[in-house]
Structure formats: structure tokens, C-alpha cells
Amino acid sequence: MAHCPFDFFTDGKKHTICLVGGGGKTTVMYELAAAWAACGRKVLVLTSTHILQPADGSFAADLPAVQNLWQQRRYAVIGIPEAATGKLTAPPQFLYEAMKPQADVILCEADGSKHQPCKAPAAHEPVLLPESDIVLAVAGMDALGNSLQQACQRPQPAAALLGCSLDSVIDAQMLVALLLSEQGARKNVGARAYYIVLNKCDLIKAAQQEEMRRLLVSEGIDERRIWLRERGDSKC
């Protein structure tokens, strides 16, 4: 089971969760999906942008395939395959609408980062599902110590947001600013519950982890809504 500290993981309620930001969204999404499915919950996974098509047989092309995976206590991934890229795009609307009422948990990767640990969204990003009640923002701690140009997708708007140059080295305060700005990872969140995953914490020192946590809490984020996740942190 994913070592997820968030209250929504065990509350037994139906949730639609959109993942945004950079630094490991897909990994976190599939870990949570597998853990919920193992607990017997019907989990539907999709994207509103692009994700790699899973190689584990969890892709479902139609309604019977989704239901078959759920019967096996597995999550179901829906989307339209792109032959040229091997990726999935948003699923057919009829399929999503048919499965949405039956799913206990819906997970949607709603933002792309091209494998960069942090990002600033473009005008059209993120593509949040209107019905989503939770936004989960992810940032990779391997951003720290690198320049915006090196480690941030869309470094130009990030530099404008932060008031710095493209060569500026990303520190904890800058990363927190990207996570909390309504021009950054918190864009269009509105009244949705907002949670943060600090990914790859094993790459930084304990003092740096604590600094990130302290800065987020000082800016009003509930400590219980912050997950300091290490690579391979997939079992309790």
C-alpha cells in the first residue's frame, strides 16, 4: 500500500483528484491507484493531457474491460491511444461519463512537465476536471540547487513569477513560491482541497526537508497536507 499520509486516503469517501506540477505525478498517481484498488475500491485513472500508456495491462478500452479490472481489484486506465507517441490522451467523453458514477476514486493527471521537477503553467494549464474536489501538487526535490533554466518547465514565466533570472538557482523559498502561487501550482484550484507532495526527498538532507515543510506551514499549509515522499516509498 502506498505510504500516503493524507486523510482522504482512508476516509472511505468518493474523490476526484487532479495531479498537477512536476517531479513524479505519474508515479504518485499509479501508486495511489494501486493501493486503493488493493483495498477493494473501484479506481479510474485518466489524463486531461497526455500520459504514457501503462504496460501492466491496466489500460481499458471499453466498459467491460474497466469492470473486469475492477473485479480483479485492479485500477483501470482509460484514454485514447496515440499511435505516434505511445501515450494516452483524454478518454472518450461517453466512456468517462459512463464510468464516473461507478468509480469510488478518480485520479487524473491534469498537467504535464516533460519530466522536469518543477514548472510554471502556461495559459491553458492545468486542465482540471470541473468535478474534482482535490488538487495534489507534486514537486521534485531534485530541483533544488539547479537553475530555473535547467530544472523548470516553462522557465520564462517562472522567472517572471519569482522576479528573478533564468540563471537563478532554485532554493526552498523559490520552490515554495511556485507551489503556492495562483500563477503556479495553485492555479485554478479555487475552493478545492489542496495537498502537496515533495517528491524525491531522499535526494536532499533532513534539514532541507524540514525547511521546505516549515516554509509551507508558515504560508498557511496544514502540515497534514504535506507528504515528504522518498523514491520507492510505496509500502507502509
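In this text the structure is predicted, and so the values were computed from the model without any measurement. Per-chain numbering applies: the sequence of each chain, read as written, is numbered from 1 onward. Thresholds applied to this predicted model are a pLDDT of at least 70 for local features of residues and 80 or more for the giving and counting of side-chain atom pairs; totals over whole chains, interfaces and linings are not thresholded and use all residues. Computation of side-chain values: all heavy atoms of the structure, hydrogens and water removed.

Examining the overall build of the protein chain
Inference 1: Helical segments are the DSSP runs of H or I of at least four residues, strand segments are the runs of E of at least two, and each set is numbered from the N terminus. Helices and strands together make up the secondary structure of the protein chain, namely seven helices and twelve strands.
Inference 2: The quantity called the radius of gyration is restricted to C-alpha atoms. Its globule counterpart is 2.2 Å times the number of residues to the power 0.38. Taking 18 Å as the expected radius of gyration for a compact globule of 236 residues, we find that the protein chain reaches 17 Å, a close match to that expectation.
Inference 3: Overall, the C-alpha framework of the protein chain stretches about 50 × 40 × 30 Å when taken along its three principal axes.
Inference 4: Partly exposed describes any residue whose relative accessible area lies between the buried limit of under 20% and the exposed limit of over 50%, with all areas from a 1.4 Å probe on protein chains only and scaled to the type maximum. A burial count over the protein chain gives 51% of its 236 residues as buried.

Topic: the layout of surface pockets
Inference 1: In this analysis, the protein atoms alone were mapped onto a 1 Å grid. Cavities are point sets where a 1.4 Å probe fits without being able to get out; pockets are open sets with protein on both sides within 12 Å along at least five of seven lines; lining residues have an atom within 4 Å of a point. Grid points are joined across faces, edges and corners, and a volume is the space filled by probe spheres set on the points. Estimated volume of the largest pocket: approximately 660 Å³.
Inference 2: Along the wall of the largest pocket there are 29 residues; nearest its centre are E109, G112, S113, K114 and H115.
Inference 3: Where the lining of the largest pocket is concerned, the elements lending two or more residues are helix 1 (25-38) and strand 3 (51-52).
Inference 4: Per-element tally for the lining of the largest pocket: the top contributor is helix 1, with three residues.
Inference 5: Note that Gly is not counted as nonpolar here; it falls among the polar residues with everything else outside the nonpolar set of Ala, Val, Leu, Ile, Met, Phe, Trp, Tyr, Cys and Pro and the charged set of Asp, Glu, Lys and Arg. Among the residues forming the lining of the largest pocket, the class breakdown is four nonpolar, 14 polar and eleven charged.

Brief notes about the nonpolar core
Inside soluble globular proteins, nonpolar side chains tend to come together where they are buried.
Inference 1: Grouping buried Ala, Val, Leu, Ile, Met, Phe, Trp, Tyr and Cys residues that are joined through side-chain atoms within 4.5 Å yields what is termed a nonpolar core. Formed by 53 residues in total, the largest nonpolar core has its most connected members in L44 and L198.
Inference 2: The leading source of residues in this core is helix 6 (residues 172-180), at seven residues.
Inference 3: Residues count as neighbours in contact if any of their non-hydrogen atoms are within 4.5 Å of one another. With near-sequence residues (within four places) excluded, L44 lies in contact with V66, W70, A76, I78, Y96, M99, A103, V105, I106 and L107.
Inference 4: With 29 residues, the next largest nonpolar core counts L88, L136, V138 and A193 among its residues.

Some points on the packing of helix 6 against helix 7 (residues 206-218)
Inference 1: Between helix 6 and helix 7, the shortest axis-to-axis distance is 10 Å and the interhelical angle comes to 45°. With respect to helix 7, the element helix 6 is oriented oblique. Our pair here, helix 6 against helix 7, has a crossing hand that is right-handed. Contacts from A172, Q173, L175, V176, L179 and L180 of helix 6 reach helix 7 at E211, M212, L215 and L216.
Inference 2: Residue composition of the contact of helix 6 with helix 7, grouped by class: eight nonpolar, one polar and one charged. What counts as an axis is a line fitted to C-alpha atoms, over the stretch in contact for a helix, and the angles between N-to-C directions run from 0 to 180 degrees. Angle categories: roughly parallel below 35 degrees, roughly antiparallel above 145, roughly perpendicular from 65 to 115, and oblique for all the rest. Left-handed describes a crossing whose near helix is turned anticlockwise from the far helix through less than a right angle; right-handed describes the clockwise counterpart.

What about empty space enclosed by the protein?
Inference 1: All chains considered together, the criterion is met by two cavities of 30 Å³ or more.
Inference 2: Reported here for the largest cavity is a volume of approximately 50 Å³.
Inference 3: Those elements giving two or more residues to the lining of the largest cavity turn out to be strand 8 (118-119), strand 9 (134-140) and helix 6.
Inference 4: Top element by residues in the lining of the largest cavity is helix 6. It accounts for three residues.

Section: the sheet that holds strand 5 (residues 80-81)
Inference 1: By the convention used here, strands pair only if DSSP detects at least 2 bridges between them. Pairing is antiparallel in the open sheet, where three strands are placed in the order 3-6-5. Every interior strand has two partners, whereas the edge strands, strand 3 and strand 5, have only one.
Inference 2: By the bridge criterion, two bridges tie strand 3 to strand 6 (residues 87-89) in an arrangement that is antiparallel. Note that in strand 6 the partner of I51 across the bridge is L88.

Focus: the pairing of strand 11 (residues 193-199)
Inference 1: Burial within strand 11 is extensive, with seven of its seven residues counted as buried.
Inference 2: Neither face of strand 11 is left uncovered, since the one carrying A193, Y195, V197 and N199 and the one carrying Y194, I196 and L198 both have all their residues buried.
Inference 3: Where strand 9 and strand 11 come together, seven bridges link them in parallel fashion. Paired with L136 across the two strands is Y195, which belongs to strand 11.
Inference 4: Bridge count for strand 11 against strand 12 (residues 226-228) is three bridges, and the pairing is parallel. Bridge pairing in strand 12 links V197 to W227.

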